[in-house]
Amino acid sequence: MPTRSGRVALVVEGGAMRGIFAAGVLDVFLEQNFRPFDLALGVSVGASNVLSFLAGQHGRTRRCFLNQMSRPEFIDPWRLLRGGHWMDLDWLWDAIEREDPLDRTAAAASGVEYALVATSARTGAPHYLTPTADTMLDAIKASCAFPVLYRHPVNLGGEDFVDGGLSDPLPVREAYKRGARAIVVVRSRAARFVKKTRLSNHVGAWAMRRAPAVAEACRNTARAYGEAVSFLHRPPADCAIIHVAPDGALATKRTSRDPEALDRDYALGRAHGRHAVEDLRRVLSGDAACRSA
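Residues numbered from 1 in each chain as written. Predicted model: local features only at pLDDT ≥ 70, side-chain atom pairs only at ≥ 80, totals over all residues. Heavy atoms only, no water.

Q: Quick rundown of unusual backbone geometry? Include the residues and the values.
A: One non-glycine residue, A16, adopts positive backbone phi at about 55°. Relative to the helices and strands, A16 is located in the loop between β1 (7–12) and α1 (20–31). Of the residues examined, A16 reaches a relative accessible area of 11% and is grouped as buried. Non-glycine residue V148 carries a positive phi angle of around 80°. Here V148 is to be found in the loop between α7 (136–144) and β5 (154–156). (Helix = DSSP H or I, 4+ residues; strand = E, 2+ residues; numbered from the N terminus. Buried < 20%, exposed > 50% of the residue type's maximum accessible area, 1.4 Å probe, protein only.)

Q: Account for the environment of G56, with residues named and values stated.
A: Counting through the fold element by element, G56 comes out in the loop between α2 (45–55) and α3 (60–66). Classification of G56 by relative accessible area gives partly exposed; the value is 38%. Sequence separation between G56 and D103 is 47 residues; the distance between their C-alpha atoms is 8.5 Å. Beyond its immediate stretch of four places on either side in the chain, G56 contacts L30 and R35. (Contact = heavy atoms within 4.5 Å.)

Q: Please set out the nonpolar core residue by residue, giving values where relevant.
A: The biggest cluster of nonpolar side chains holds 64 residues, and the ones touching the most others in it are L10, F29, F37, L51, V184, V186 and L280. Setting aside residues no more than four positions away along its own chain, L10 makes contact with L26, F29, F37, L39, A40, L41, F53, V184 and V186. Counting residues in hydrophobic clusters, the runner-up holds 21 residues, among them V11, A190, A228 and C239. (Core = buried A, V, L, I, M, F, W, Y, C linked by side-chain atoms within 4.5 Å.)

Q: Explain the pattern of salt bridges to me, using residue names and the numbers behind them.
A: Per the stated rule, a full pass over the model turns up 19 salt bridges. Ionic pairing is found between E227 and R173, a salt bridge with its closest N-O pair at 3.3 Å. Placement of the pair is E227 in helix α10 (residues 212–233) and R173 in helix α8 (residues 172–177), with a sequence separation of 54 residues. Owing to a relative accessible area of 34%, R173 belongs among the partly exposed residues under this scheme. One salt-bridge network, held together by shared partners, links R7, E113, E174, K177 and R178. (Salt bridge = Lys/Arg side-chain N within 4 Å of Asp/Glu carboxyl O.)

Q: I'd love a proper account of the packing of α1 against helix α11 (residues 259–285), names of residues and values included.
A: Contact geometry of α1 with α11 gives a least axis separation of 6 Å together with a crossing angle of 45°. As far as their axial angle goes, α11 and α1 are oblique. Handedness of the α1/α11 crossing: right-handed. Residue-level contacts link I20, F21, A23, G24, V25, D27, V28, F29 and E31 of α1 to L262, D265, Y266, L268, G269, R270, H272, G273, R274, A276 and V277 of α11. Among the residues forming the contact of α1 with α11, the class breakdown is 11 nonpolar, four polar and five charged. (Axes fitted to C-alpha atoms, helices over the stretch in contact; angles between N-to-C directions. Parallel < 35°, antiparallel > 145°, perpendicular 65-115°, else oblique. Left-handed = near helix turned anticlockwise from the far one by under 90°. Nonpolar A, V, L, I, M, F, W, Y, C, P; charged D, E, K, R; others polar.)

Q: Give a detailed account of the pairing of strand β7 (residues 180–186), specifying residues and quantitative values.
A: Counting buried positions over the seven residues of β7 gives seven, a clear majority of the element. Looking at chain direction, β1 and β7 are connected through six bridges and run parallel. Note on β7: the bridge partner recorded for V12 is V186. (Pairing = 2+ DSSP bridges.)

Q: Residues and numbers for the packing of α2 against α7, please.
A: In a packed pair of helices, the relevant descriptors are the angle between the two axes and the axis-to-axis distance. At a closest axis distance of 7 Å, the pairing of α2 and α7 adopts a crossing angle of 145°. Taking contact as the criterion, the partners of V45, A47, S48 and L51 in α2 are, on α7, M136, I140, S143 and C144. Of the residues belonging to the contact of α2 with α7, the class tally is six nonpolar, two polar and no charged.

Q: Go over the state of the cysteines, please, and point to the residues and values.
A: Within the structure shown, the criterion is met by zero disulfides. Counting only cysteine sulfurs, C144 is the nearest neighbor of C64, a cysteine outside any disulfide, at a range of 12 Å. C64 gets classed as buried once you look at its relative accessible area, which sits at 3%. (Disulfide = S-S within 2.5 Å.)

Q: Residues and numbers for the confidence of the model for the protein chain, please.
A: Per-residue confidence for the protein chain gives a mean pLDDT of 91, with 93% of residues at or over 70. Low pLDDT (under 50) marks residues 288–293, which in the prediction has 21 contacts with non-local residues, meaning those over four places away or in another chain. (pLDDT = per-residue confidence, 0-100.)

Q: Please provide a residue-by-residue account of α2, values included.
A: Burial within α2 is extensive, with 10 of its 11 residues counted as buried. Along α2, the residues classified as buried are V45, G46, A47, N49, V50, L51, S52, F53, L54 and A55.

Q: How would you explain the packing of aromatic side chains if you had to name every residue and give the values?
A: The full count for this structure, using the stated rule, is seven aromatic pairs. Note on F193 and Y225: the rings are 5.8 Å apart at their centroids and 85° apart in plane angle, and the pair reads as edge-to-face. Of the two residues, F193 sits in the loop between β7 and α9 (199–207) while Y225 sits in helix α10, which places them 32 residues apart along the sequence. Y225 gets classed as buried once you look at its relative accessible area, which sits at 1%. Sitting over the face of the ring of F53, R35 holds its NZ or CZ atom 5.3 Å from the ring centroid. In this arrangement the basic side chain of R181 is found over the ring face of Y176, its NZ or CZ atom lying 3.7 Å from the centre. (Phe/Tyr/Trp six-rings, centres within 6.5 Å; stacked < 30°, edge-to-face > 60°. Lys NZ or Arg CZ within 6 Å of the ring centre and 35° of its normal.)

See the structure below:
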C-alpha cells in the first residue's frame, strides 16, 4: 500500500539472539493484520525475521530463538577453539528445516519486494539478495555468516558472502533509494546507540586477513553503522521514519541463551510493535509526523 508520496518499507536489523525483540514486533503486526509494506529488507537474523513475517508464520521466530537457537549444538564458544563454529549455522539450518521450517513458497509469493543484505567476500560491498524459494535458505545463511562466529563464507552463484551487517547493518538508505518514503525500522539496539570500533572488529579483521575486502569491512562496520543511524535521525524531508527500538540495552546479548531474558525482550518487542502500528497508521493518513516508538 503506497503512501501518497512513495512506497512503505520495513527494515529489520540483525544482532543474533537480540533479534528476539524484532520477533515480538512482527508477531504483533501479524496479529493485527498489519502488512502495509511494499518493500522489506532484512540483515542477518533480521533476514529470517522478515521472511517469517512475509510468510505469515506467527510465532515461528520466537520458537526458533527459544528452541533450536538456544541449544548448545548451535552456540558453543569452546567449539571455536576446537576448529569449529561458535555459531553452527549448518546444524541450525538442518534443525529448523526439520522441526519448524520456513514456508519459503509463501514468503516468495507474498507480493512484497524483499532483499536480504549480505557482504561480498570479494569486494566487501553490500549485496541485496532476492532469492527464490529454492535458494532462500542459502541466502539467509549468507546474510548471517558472521566472521569468527561462523568460520566460512557462504557461496551463492559462484560468489562468496559473509554477514550483511558488516557492510550495511541498517539498510535504510537502500530502502529510500528504492522509493520508500515511509520506513519502519526495527532495531535490536537502543534508538540512540551508535556502534564503536571494538576489539571484536580487529579480531574479525585479523581472522579474515586472507580475505582483505572482508577484513576492511570489519574495520569499517562502525562507520557504516553510524552513517545509517545519522540517516535515521535526520532523514530527507520527504521521508518519514518510524523507529522501533528498545529504550536501553536488551537483556539478551548476541549469544545469550537465557529463556527468561529472551521472553522478556520478546514481550518488549510486542509492546513497541503496538506503538509502531499506531505511528505508521498516523503517518499513512497524513495526520502526524513519526516518532521513535
